[in-house]
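# Examining the three-dimensional arrangement
Residues per chain, in single letters:
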Amino acid sequence: MSVVNNTPNKSNWYFSSILGGLFITAKHLIKNLLNKDKMITLNYPEEKYEYSPRFKGNHVLTVKKDGAIRCTACMLCATNCPAECIKITAAEHNDPTVEKFPIAYEIDVLRCVFCGFCEEACPVDAIRMGPEWQTPGSNGSQFIYDINHLAYRPQLKGGVVSVVDEVERHKSGI
Ligand code: SF4
Ligand code: SF4
């Protein structure tokens, strides 16, 4: 085993580098304090970044014109989900024109990787990824979003109406 002993000269070199680093930090601190408008960082939460409307954030279950859930409980989203974080319980509907619907639909967002595969897999525009990205919570159970949260949380103001019309959907066979 070889042992390298630091010479006094090398110690001096480290000290000058530390001073150089502190100088650069102080220079940027003063520059930023004098030019707050040009700072590239935000003072969160007072200032928030505006994401694109296409940003894939929190999930939304869309609704039909009458406010009912659009989802047909086909399970394609759950099957396609790489994180296996979607759980759906299907039931038969009283309306003969509705084959199935979900009596329970849950997403465990702590496992979700926000890949958008569920949205891509859905044949009837029943699930979308919206622009919301703040998901506060104090324990794990608050991150399991149920059907009411996904479709009717207050931020959605009564629900997001699907672009797929029921009559057109039946005509096209989906
Ligand atoms: S965004 Fe991806 S990981 Fe999250 S629920 Fe959808 S398919 Fe699953
Ligand atoms: S959200 Fe879409 S893909 Fe998922 S079960 Fe409902 S209809 Fe099927």
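Residues numbered from 1 in each chain as written. Chains lettered and ligands numbered in written order. Predicted model: local features only at pLDDT ≥ 70, side-chain atom pairs only at ≥ 80, totals over all residues.

This next bit is on the overall build of the protein chain. Within the protein chain, the secondary structure is distributed over 5 helices and 5 strands. Starting at the N terminus, the α and β elements of the protein chain follow one another as α-β-α-β-β-α-β-β-α-α. Seen through its principal axes, the protein chain has C-alpha atoms that stretch 90 × 50 × 30 Å. For the protein chain, the proportion of its 174 residues judged to be buried stands at 16%. Contacts spanning at least 24 positions in sequence make up 72% of the contacts within the protein chain whose residues lie at least 6 apart. (Helix = DSSP H or I, 4+ residues; strand = E, 2+ residues; numbered from the N terminus. Buried ≥ 20, exposed ≤ 12 C-beta atoms within 10 Å, placed from the backbone. Contact = placed C-beta atoms within 7 Å.)

A few words on the domain arrangement of the protein chain. Much of the literature gives interface size as the accessible area that the parts lose upon coming together. With domains assigned, the protein chain is organised as domain 1 (8-38) and domain 2 (59-172). Here domain 1 and domain 2 have C-alpha centroids that lie 52 Å from each other. (Domains from an automatic or database assignment.)

Reading across the sheet, the 3 strands line up as β2-β3-β5 and stay open at both edges, with antiparallel pairing between neighbours. In this open sheet, the two edge strands, each paired with only one partner strand, are β2 (86-92) and β5 (144-145). Pairing of strand β3 (residues 100-108) with β5, which is carried by 2 bridges, proceeds in the antiparallel orientation. Bridging from a neighbouring strand, I107 pairs with Y145 of β5. (Pairing = 2+ DSSP bridges.)

Close to ligand 2 lie 13 residues, the nearest being C71, C74, C77, C122 and A126. Split by residue class, the shell around ligand 2 holds 12 nonpolar, 1 polar and no charged. (Near = placed C-beta within 6 Å. Nonpolar A, V, L, I, M, F, W, Y, C, P; charged D, E, K, R; others polar.)

It is worth spelling out unusual backbone geometry at this point. For the bond from Y44 to P45, the omega torsion is 5°, close enough to zero to count as cis. With respect to the secondary-structure elements, P45 resides in the loop between α1 (8-34) and β1 (59-61). Positive phi is not limited to glycine here, since A73 has a value of about 55°. Within the fold, A73 resides in the loop between β1 and α2 (76-80). Positive phi outside glycine occurs at K157, with the angle close to 50°.

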